Amino acid sequence: MISPAIKALLWRDLTLARKQGDGLGAALGFILAVIVMVPIALGPDPILLQRLASGMMWLALLLAVLLTAERIFQSDFEDGSLDLMTMTNVPFELITLTKALAHWLTVSLPLALIAPPLALMLNVDSGTLPMLWLSMITGSLALSLLASLGGAIAAGLRRGGLLIAILILPLYIPVLIFGVATTTLMMGPQSAWPALLILLGITLLLLVVSPIACAAALRAYMR
Amino acid sequence: MQKFANPAVFLKLANAILPYLWLITAVLFALGLYGAFVTSPADYQQGESVRIMYIHVPASWIAMFAYALMAFASAIAIIFRHPLADAAAKTAAPIGAVFCFLALATGSIWGKPTWGTWWVWDARVTSMFILLLLYVGYIAIWQAIEEPHLAAAIARIVALVGSVILPVIKFSVDYWNTLHQASSIFKAGGPSIDPSMLWVLLVMVLAYTTLFLALHLVSLRTEIATRKLRSARLAEIRGN
């Protein structure tokens, strides 16, 4: 069902990420820095930390993913691998989607998966923790898709980091709002499922929009 | 529309229209500002500060109109390869950003006496601020990429993705604020608007619209001249 080219590309990206490992390492370091610095900056009051915990976890994840956005397409663009990928019989949109998925599997998803112990360090309410975890895992795919969009738009630029931040941060807002809403809803009498489903819906929308826009931007650079 | 693809035809038309457009703008502004400062009454709750509305509401309207125009022009550029569409989108962005900033600034000045604070993370204020960020991102693309054709191609994508995601952002911000609504800020929503204020507001909206169109035409004219200058310089370099 999945074409061998896509499989090979996914395997290649996963291997590269495993051997280099700097993308995940930098992002992980960033999250740890936030988790350590937040209580020091705001004071160790457990009640205050509990109120801020899920928002802080989301913010840390979001900015850590943003940090790695520049690398998604840049090296492949610079060494010409991307040019070769356009010459396969696979639609280029599928290739950009595969690269976004590889980024999700190697950066965003691991970061979301290790969230629970870090959230406990911020004294998150243990009743809301499963929902926070679930929403972070769901939303991390949306974050990766948006990061790949930023990476594609800035692929040909020498210093695209700032540009990516300006372009992508507004687009991160819906993901952040509904991601945090799942846990804030759980603290009240309402059900958290609607927010989680909307988050899923946004992720699905991005699953369509992002690869197409990525492919269009990269094609423009390679022309 | 393809007829105006020729910049010379477009320039001729623009030059013919512009003096009248400026005249209409001046008349509308004179009428609107007279209404805003003289004939329209002060609000029974807000007092004289309600007059800020006449410059605030049209500005936010134009800020949204300019973004819609920018996205529409970008779509035209992709679909029909209309040569002026990219220039239209490019020139609409800074003007729209200025109106967006104006809406935020006047809103902030209006907010101090009426809400008691310069800034509130209210749904509307927040989504307007996000619109400003989107404008800044779009303008940054044109600044960051030197080659005009490449910049145009990337900018189209940014504008269109922005317009696809914008409803989602708007919806999510509304949702977010109603969840955390601070009821002390919006008590009554104010009385529905009186006719003596409404006509002034409508005239001001028209005045802002014609002002935007005039500025946009001038800006487009400049853009076309810049392009001509660039290609003339390139031809000169190649000739040597």
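A brief look at the structure comes next. (Residues numbered from 1 in each chain as written. Chains lettered and ligands numbered in written order. Predicted model: local features only at pLDDT ≥ 70, side-chain atom pairs only at ≥ 80, totals over all residues. Heavy atoms only, no water.)

### A short note on the side chain of S74 of chain B
Residues and elements named next belong to chain B. Residue position: S74 is located in helix α2 (residues 53–80). Given a relative accessible area of 1%, S74 falls into the buried group. Excluding residues within four positions of it along the chain, S74 makes contact with A89, Y138, R156, A159 and L160. (Helix = DSSP H or I, 4+ residues; strand = E, 2+ residues; numbered from the N terminus. Buried < 20%, exposed > 50% of the residue type's maximum accessible area, 1.4 Å probe, protein only. Contact = heavy atoms within 4.5 Å.)

### Focus: the pattern of salt bridges
Counted according to the given criterion, the structure contains eight salt bridges over all chains. The salt bridge involving D13 of chain A is made with R12 of chain A; its shortest N-O contact spans 2.8 Å. Under the relative-accessibility criterion, D13 of chain A is labelled buried at 12%. D174 of chain B serves as the salt-bridge partner of K170 of chain B, at 3.6 Å between the closest nitrogen and oxygen. (Salt bridge = Lys/Arg side-chain N within 4 Å of Asp/Glu carboxyl O.)

### Describing the environment of I62 of chain B
Residues and elements named next belong to chain B. Note that I62 resides in helix α2. Residue class for I62 comes out buried when judged on its relative accessible area of 0%. Along the primary structure I62 and A97 are separated by 35 residues, whereas in three dimensions their C-alpha atoms are 9.6 Å apart. Setting aside residues up to four positions removed in sequence, I62 forms contacts with F99, Y208, T209 and F212.

### Some remarks on the packing of helix α2 (residues 22–42) of chain A against helix α6 (residues 92–113) of chain A
Residues and elements named next belong to chain A. Running from amino to carboxyl end, α2 crosses α6 at an angle of 25°, the nearest separation of the two axes being 9 Å. With respect to α6, the axis of α2 lies roughly parallel. The handedness of the crossing between α2 and α6 is right-handed. Across the interface between the two elements, L24, A27, L28 and I31 from α2 touch T106, V107, P110 and L111 from α6. (Axes fitted to C-alpha atoms, helices over the stretch in contact; angles between N-to-C directions. Parallel < 35°, antiparallel > 145°, perpendicular 65-115°, else oblique. Left-handed = near helix turned anticlockwise from the far one by under 90°.)

### Looking at unusual backbone geometry
Among all residues save glycine, negative phi is the norm, and among peptide bonds the norm is trans. The residue N123 of chain A is not glycine, and still its phi comes out positive at about 60°. Of note, N123 of chain A is situated in the loop between α7 (115–121) and α8 (129–153). Accessibility expressed as a relative area gives 30% for N123 of chain A, which makes it partly exposed. Its identity is not glycine, yet R81 of chain B carries a phi of approximately 55°, on the positive side. Relative to the assigned elements, R81 of chain B resides in the loop between α2 and α3 (85–115).

### Focus: the side chain of T25 of chain B
All names here are of chain B. In this fold, T25 is placed in helix α1 (residues 7–39). For T25, the side chain forms a polar contact with the side chain of T210, separated by 3.3 Å. T25 has contacts with A207, T210 and L211, leaving out every residue within four places of it along the chain. (Polar contact = N/O pair within 3.5 Å; in protein donor to acceptor, adjacent residues only side chain to side chain.)

### Overview of empty space enclosed by the protein
Within the structure shown, the criterion is met by two cavities of 30 Å³ or more. Within this model, the largest cavity holds a volume of roughly 110 Å³. Lining the largest cavity, in full, are L149, I153, L167, I168 and L171 of chain A together with Y67, L134, V158, V161 and G162 of chain B. Every element with two or more residues in the lining of the largest cavity is listed here: α8 and α9 (161–187) of chain A together with α5 (148–179) of chain B. Considered as a void within the structure, the second largest cavity measures approximately 30 Å³ in volume. L146, L171, P174, I202, L205 and L206 of chain A together with I165 and V168 of chain B are the residues that line the second largest cavity. Of all elements in the fold, only α9 and α10 (193–222) of chain A together with α5 of chain B reach the threshold of two or more residues within the lining of the second largest cavity. Residue contributions to the lining of the second largest cavity peak at three residues, all from α10 of chain A. (1 Å grid on protein atoms, 1.4 Å probe; cavity = no way out; pocket = protein on both sides within 12 Å on 5 of 7 lines; lining within 4 Å. Points joined across faces, edges and corners; volume = space filled by probe spheres on them.)

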